[in-house]
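Here are the chains, one letter per residue:
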Amino acid sequence: MTGETRTPSIPPAGVETVCRRSPGYPPALQEGPGAPRTLHVLGGAERLARLTAGPVVAVVGSERATDYGMEMARSLARGLAVSGVTVVSGFANGIAAGAHAGALEIDGPTVTVMSGGVDVVAPASRRGLYERVIESGCAVSVTPCGIKQRPWSAIARARTVAALAAVTVVVEAEERPWDLRVADFARALGRTVAAIPGRVTSPASRGTNALLAQGAPLVRGAQDTLDLLYGVSPGQHDTPSLSSRLRADLRATLERVGDGADTPGKLTGADEDPGETLLALAELELMGLLGRGDGGRYVPRQGLAGG
Amino acid sequence: MLARTRTFTIEGLQTRRVTVEVDIRPGLPAFAIVGLADASVREARERVQAAILNSGYEFPARRITVNLAPGDVPKVGPGLDLALACGVLAASEQLPRERLETHALFGELALDGGVRPCRGTLAVAQACAEERVATLVLAPERAREAMLIDGLAVAAARELRSATRVLSGGPPDPLPAPEDPEPYAGGAGGRRLPDLGEVRGQHHAVRALVVAAAGGHNCLLSGSPGTGKTMLAQRVPSILPALSRPEAIEVTRIHSIAGEQEGVLAQSRPFRAPHHSITTAGLVGGARRGWVGEVVLAHRGVLFLDELSEFAKPTLEALRQPLEDGRVAIVRAKHSAAYPARFMLVAATNPCPCGYAGDRERCRCSETDMARHRRKLSGPLLDRIDLQAKLENTGSEGLAAEPWTSSERARERVMAARERQARRLRDECASVNAHMDVRLLERHARLDESGQRMLREAQSRGTLSARGQHRTLRVARTIADLNGCERVRMRDVGVALSLRPETGLRGSRAA
């Protein structure tokens, strides 16, 4: 036997294994067929029980997200964490990583579901995120410790994510089985599946737009999700959105960026003196309303309404 | 018999005086050269012998010893041939000796006795003037280059016989008619520089470049392949102010030593665009003794690094000293030297390895690829880049757009802005805004209340580091100068903020 091989039955320190019959097992996970017999938890079974006792929302989507998707995931998770909702997602690149990072921005606890063992960090480049998640939240997995991810383990992960959450919000997904897997499981479990709309022309949002076309509730931000959770019908809350309190020129610039004029060149055109527009961009960036995405594009950091 | 002649050798960018001592005494025929001569100088024996015989002189069949003094300076290159030959002729009493003290000789000999031009003529002429040599004898092709130096008589010699005629008090050969200056390194003199008026669309990037040129700021061009990054960079020299005469001589001297300037005064700023396979030694110098790198050749001009992320990381790190100090100090086992390297860095990069980041249909890069790309660019080098110009994929719409400005108009604005800077920084160690240190910034880039508030806010939100704040202030100062404004207003700060490079080109994907 070489030193590399580890017997899966001996978990590393800190990992607890919760049986389906034991009290620490999240009740939501019991529902439906295929509930895992054991759940491996890093970060404390007690903490997991506490986090899943309150409202839980899954923020999921494509692993290859656009800047828009990343910003939406981030601001949605952040908004939910502010309201005391536990954010659940898989441990993966793209939307999932954005969701965890968004909640962690305000130190909101999250639950991440690993597709391999809870101690196997994949993708390894996200180790920093993993460590921050288990500091305040939990990493859980149905796969025994030390086992690398397998094709089937991603399916098991999707089921766990869907079962843990009362509401699943698909932020950005292409129309592909593996982007919509969590949504499929959630629907099978009879949970609410909502989606954030994207541009009709964008292939990255084809899956979410299809969900909306099939009748999924439309979510524009954390407020809409809270309405779904607590059953407040949309349109009852009437808090003025941040953008309506902005100075007129800033609002105009923000709206133009949202309209797709997302580079300084498109915004300023051939003006002899673009000072005002560039100043507005800088101010919006300082306020945290605009971020910079790949290729130097400006990306609105939250939706204009319902956020 | 003993004779002495004077010549010069070049070490790095330094010129060293060399006294050639020729001693002829009875003995077995031999021709020995001592005094740290390199291979090309030792080969001179054959050239000198053939040239003397083919010019109709006699080569003494005795023991000839040549000493090149001072003995601790390595002598490099074929430029010593002419002094060697004249020394041999004088020592064998075929040439009067009285003018050897006041004349310096510099040139390579052909076997038929002709005199060939050598690298570094301008540097040698400068040294002659400093050493109070009356006349410099050299090949006619380079006579005009040497004549750029005031207070030095230049005598052209087509062949060895002409040189001996000059040394005997005769007239020099006529100078060749001034020909059209030849182009070099990106265009000079008669050749027209590429013009900004040929750039259609990309208004934002052009504006950013004008700001960069006005303040001497290092800048980064980013954009998808085919959007015109290289095209824009090539037009930077055309909007920089023309070289002043001392600067032109400095530039010509460097390029003459590197063998790239062919006998004319540099008229436009150098533009160096090394390929990304360049080694560290190739970029900063030091591959061998006296070898200068691209940063030195770009002195007073533009260093363009295309595909910045493809350069080797240690090579890019080596740029830090020249970017900071305007000079590069090279220390090797057997030699050390400091060269001037004050240039404007223009770098270009794709937003991601495939170049189409943000375009989902075309971008094939994984998140790992993106992270690696960003890592390569992040760090200390990007810290020294003041502003970033983004180019856009505008397609046919952009090609139909009117050019935003022409080089001539842009240069006028740049010159006006530079004049303001020069006036303000008259008594300081900097000459352009980009070189202002913190002390100068505090004195010359005063902000009004709203501008200060904006910067404070940026800093408290963590968007701007202390260094980033200084960079923003420098760029804001330049923008105010371009607008002809003595005060830096809030809008200038805003524009500077929107032009600032993203830290490490970090996209929102990083978690």
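The structure displayed is predicted, hence computed values, not measured ones.

Please clarify how the overall build of chain B should be interpreted in this entry.
Along its length, chain B carries 22 helices and 16 strands. For chain B, the C-alpha atoms occupy an extent of roughly 85 × 45 × 45 Å along the three principal directions. Relative to all contacts within chain B whose residues are 6 or more apart in sequence, the contacts with residues 24 or more apart total 75%.

I tried to follow the overall build of chain A on my own but got confused; where do I start?
What chain A contains, in helices and strands, is twelve helices and ten strands. Classification of the 307 residues of chain A by burial places 52% in the buried group. Counted over contacts in chain A with a minimum sequence separation of 6, partners at least 24 positions apart contribute 71%.

Honestly, the packing of helix H21 (residues 466-482) of chain B against helix H22 (residues 490-499) of chain B in this entry has me stumped. Any pointers?
For any two helices packed against each other, one specifies the inter-axial angle together with the distance between the axes. Residue and element names in this part refer to chain B. With their axes 8 Å apart at the nearest point, H21 and H22 run at an angle of 125° to one another. Looking at the two axes, H21 sits oblique to H22. Along this stretch, H21 crosses H22, giving a crossing that reads as right-handed. Counted together, Thr 472, Val 475, Ala 476, Ile 479 and Ala 480 of H21 and Asp 492, Val 493, Val 495, Ala 496, Leu 497 and Leu 499 of H22 form the full contact between these two elements.

Could you clarify how one ought to interpret the pairing of strand E15 (residues 344-349) of chain B in this entry?
All names here are of chain B. Within E15, six of the six residues are buried, leaving the element largely enclosed by the surrounding structure. Pairing of strand E10 (residues 219-222) with E15 involves four bridges; the strand directions are parallel. Counted as the bridge partner of Leu 221 is Ala 348 from E15. Sheet topology note: the strand E12 (residues 302-305)/E15 ladder contains four bridges and is parallel. When the bridges of E15 are listed, Leu 303 appears paired with Leu 345.

Teacher, can you tell me more about the nonpolar core here?
Soluble globular proteins tend to bury their nonpolar side chains together. Counting 230 residues, the largest nonpolar core has A:Ala58, A:Val59, A:Val169, B:Ala85, B:Leu136 and B:Leu209 as the members making the most contacts within it. Sequence-distant contacts of B:Ala85, that is, excluding residues within four places in its chain, are made with B:Val48, B:Ala51, B:Ile52, B:Leu109 and B:Leu160. In this structure, B:Cys352, B:Ala357, B:Cys363 and B:Met370 belong to the second largest nonpolar core, which totals six residues.

Sorry, what's going on with the interface of chain B and chain A here?
It is common to report an interface's size as the accessible area lost on association of the parts. Contacts between the two partners involve 32 residues from chain B and, on the opposite side, 39 residues from chain A. By residue number, the principal contributor to the side of chain B that touches chain A is H22(B), which donates five residues. Tallied by class, the residues present in the side of chain B that touches chain A amount to ten nonpolar, eleven polar and eleven charged.

I tried to follow the sheet that holds strand E16 (residues 387-390) of chain B on my own but got confused; where do I start?
Sheet strands associate in pairs through backbone hydrogen bonding, adopting either a parallel or an antiparallel arrangement. All names here are of chain B. Spatially, E11-E12-E15-E10-E16 is the arrangement adopted by the five strands of the open sheet, whose pairing is parallel. Sheet topology places strand E11 (271-272) and E16 at the edges, where each strand pairs with a single neighbour. Bridge analysis of E11 against E12 gives two bridges, and the strand direction is parallel. If you follow Arg 272 over to E12, its bridge partner there is Leu 303.

How should the environment of A:Leu278 be read in this particular structure?
Position of A:Leu278 relative to the elements: it lies in helix H12 (residues 275-287). The spacing of A:Leu278 and A:Asp224 is 54 residues in sequence and 33 Å in space, taken between C-alpha atoms.

What am I meant to see in helix H2 (residues 44-54) of chain B here?
Residues and elements named next belong to chain B. Among all positions in H2, only Ala 44, Arg 47, Val 48, Ala 51 and Ile 52 are buried. Projected down its long axis, H2 shows its buried positions confined to an angular sector of 125°, all on one face. Of the surrounding elements, those touching the buried residues of H2 are helix H1 (39-42), helix H3 (81-91), strand E6 (108-109) and helix H6 (160-167). In the segment just after H2, Gly 56 is the residue with positive phi, at about 90°.

What's the story with the pairing of strand E13 (residues 327-331) of chain B in this structure? I'm lost.
Walk down a regular strand and you will see the side chains alternate between the two sheet faces. Residues B:Val328 and B:Ile330 of E13(B) are buried on one face, while the alternating residues B:Arg327, B:Ala329 and B:Val331, pointing to the opposite face, are not. Linking E13(B) to strand E14 (residues 336-340) of chain B, which pair antiparallel, is a turn of four residues.

Help me understand the sheet that holds strand E2 (residues 38-42) of chain A in this model?
Residue and element names in this part refer to chain A. The mixed open sheet is built from eight strands, whose spatial order is E1-E2-E6-E5-E4-E3-E7-E8. At either end of the open sheet lies a strand with only one pairing partner, and these are strand E1 (15-19) and strand E8 (192-195). When the angles between neighbouring strand axes are averaged without regard to direction, this sheet yields 25°. Judged from the four bridges that link them, strand E4 (residues 86-90) and strand E5 (residues 110-113) form a sheet pairing that is parallel. In the sheet register, Val 87 faces E5, and the bridge partner there is Thr 110. Helix H4 (residues 95-105) contacts strand E3 (56-61), E4, E5 and strand E7 (167-172) of the sheet and is inclined by roughly 155° relative to E4. Strands in contact with helix H9 (residues 222-230) are E3, E7 and E8; relative to E7, the strand with the most contacts, it is inclined by about 155°.

Whenever I open this one, helix H10 (residues 245-257) of chain B confuses me. Can you help?
Count 3.6 residues to each turn of an α-helix, and residues three or four apart come out pointing the same way. Residues and elements named next belong to chain B. With 13 residues, H10 extends 18 Å between its outermost C-alpha atoms, agreeing within 8% with the 18 Å of an ideal straight helix rising 1.5 Å per residue. Restricting attention to buried positions, one finds in H10 the residues Val 251, Thr 252, Arg 253, Ile 254, His 255, Ser 256 and Ile 257. Check the buried side of H10 and you find it contacts strand E1 (2-11), helix H4 (121-130), helix H5 (143-146) and helix H12 (294-297). In the stretch just after H10, Gly 259 is the one whose phi turns positive, near 80°.

Explain unusual backbone geometry here, please?
Excluding glycine, most residues fall at negative phi; most peptide bonds, likewise, are trans. Note the cis peptide between A:Ala122 and A:Pro123, where omega equals 0°. Note the cis peptide between B:Ala69 and B:Pro70, where omega equals -5°. Residue placement: B:Pro70 occurs in the loop between strand E4 (63-69) and H3. Of note in this structure, B:Glu307 is not a glycine but carries a positive phi near 55°. Within the secondary structure layout, B:Glu307 lies in the loop between E12 and helix H13 (313-317).

Explain the confidence of the model for chain B here, please?
Interpreting fine coordinate detail is not advised for predicted regions of low pLDDT. All names here are of chain B. Overall, the predicted model of chain B reaches an average pLDDT of 85, with 93% of residues at or above 70. For the stretch residues 504-511, pLDDT sits under 50, and the model shows 26 contacts to residues farther than four places along the chain or on other chains. Scoring of the predicted complex yields 0.79 for pTM and 0.71 for ipTM.

Where do I start with the environment of A:Val57 in this structure?
Residues and elements named next belong to chain A. As for its position among the elements, Val 57 is in strand E3. Taking the C-alpha atoms as reference points, Val 57 and Leu 164, separated by 107 residues in sequence, lie 8.2 Å from one another. Excluding residues within four positions of it along the chain, Val 57 makes contact with Leu 80, Val 85, Val 87, Ala 165, Ala 166, Val 167, Val 169, Thr 225 and Leu 229.

Definitions and cut-offs
Residues numbered from 1 in each chain as written. Chains lettered and ligands numbered in written order. Predicted model: local features only at pLDDT ≥ 70, side-chain atom pairs only at ≥ 80, totals over all residues. Helix = DSSP H or I, 4+ residues; strand = E, 2+ residues; numbered from the N terminus. Contact = placed C-beta atoms within 7 Å. Buried ≥ 20, exposed ≤ 12 C-beta atoms within 10 Å, placed from the backbone. Axes fitted to C-alpha atoms, helices over the stretch in contact; angles between N-to-C directions. Parallel < 35°, antiparallel > 145°, perpendicular 65-115°, else oblique. Left-handed = near helix turned anticlockwise from the far one by under 90°. Pairing = 2+ DSSP bridges. Core = buried A, V, L, I, M, F, W, Y, C linked by C-beta atoms within 7 Å. Nonpolar A, V, L, I, M, F, W, Y, C, P; charged D, E, K, R; others polar. Arc of directions from axis to C-beta. Expected span 1.5 Å × (residues − 1). pLDDT = per-residue confidence, 0-100.

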